[in-house]
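# What the coordinates show
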Amino acid sequence: MTEDEDLHEEAEEIRAQTAKGAPEVAEHDHVAELERQLEEAKAQVLYAAAETQNVRRRLESELKQATSYAAAQFARDILAIKDHLERALVAVTEELRSDKTASQFLAGIEATARELESVFAKNGISRIKSVGEKLDPNRHQAMMEIPTDQAEAGTIVEEMQAGYMLKDRLLRPALVGVAKTPD
């Protein structure tokens, strides 16, 4: 022990002995202890209130995120259906379109595709613009490089699969072919 610690300990012993014989010192010590406990309780209450407010804010933020993006997985699943509809419509020949029965059937498929687009728009799902744009790795996934002098290197010249956003989040990147300078 250091000399300061010895003196401090000796002073505490003298104080304890004196307090036994002097009720005002004991009362003062008791009041001081109660004040210390009160300050400690106030600090704990403030900490608990701050923690409660932080939890409330975090829950509000999580609720906002959950409500905004709750349908993300469902939307990803629906994108496959949209892809199939688009492929079906692209595959239809002019001969089939001129057939009266087939054209009525195709009109129903086209109406379904339009309705799906409308639902997407209403729910904040939008198609990513690709062809003619610069490759953005946050929105596009380059699948191949296409040698061409018709476009600047790094420009998207072909889209194999459309990409989609849900508000400001990527649902699915667009699969694209990117121009490169010919060898």
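I will try to describe carefully the structure that is included in this document. Being a predicted model, the structure only gives us computed values, none of them experimental. (Residues numbered from 1 in each chain as written. Predicted model: local features only at pLDDT ≥ 70, side-chain atom pairs only at ≥ 80, totals over all residues. Heavy atoms only, no water.)

### Some words on the overall build of the protein chain
Each helix and strand in the protein chain was counted, giving five helices and six strands. Listed N to C, the secondary structure of the protein chain is α-α-α-α-α-β-β-β-β-β-β in terms of helices and strands. Radius of gyration (C-alpha) of the protein chain: 36 Å, far over the 16 Å computed for a compact globule of 183 residues. Here the C-alpha coordinates of the protein chain stretch approximately 115 × 50 × 20 Å along the principal axes. Of all 183 residues assigned to the protein chain, the portion counted as buried reaches 21%. Taking the intrachain contacts of the protein chain between residues at least 6 apart in sequence as the baseline, contacts between residues at least 24 apart amount to 60%. Roughly 13,400 Å² of accessible area belongs to the protein chain as shown, and the carbon and sulfur atoms make up 56% of that amount. (Helix = DSSP H or I, 4+ residues; strand = E, 2+ residues; numbered from the N terminus. Rg over C-alpha atoms; globule rule 2.2 N^0.38 Å. Buried < 20%, exposed > 50% of the residue type's maximum accessible area, 1.4 Å probe, protein only. Contact = heavy atoms within 4.5 Å. Areas by Shrake-Rupley, 256 points an atom, 1.4 Å probe, with all protein chains shown as cover.)

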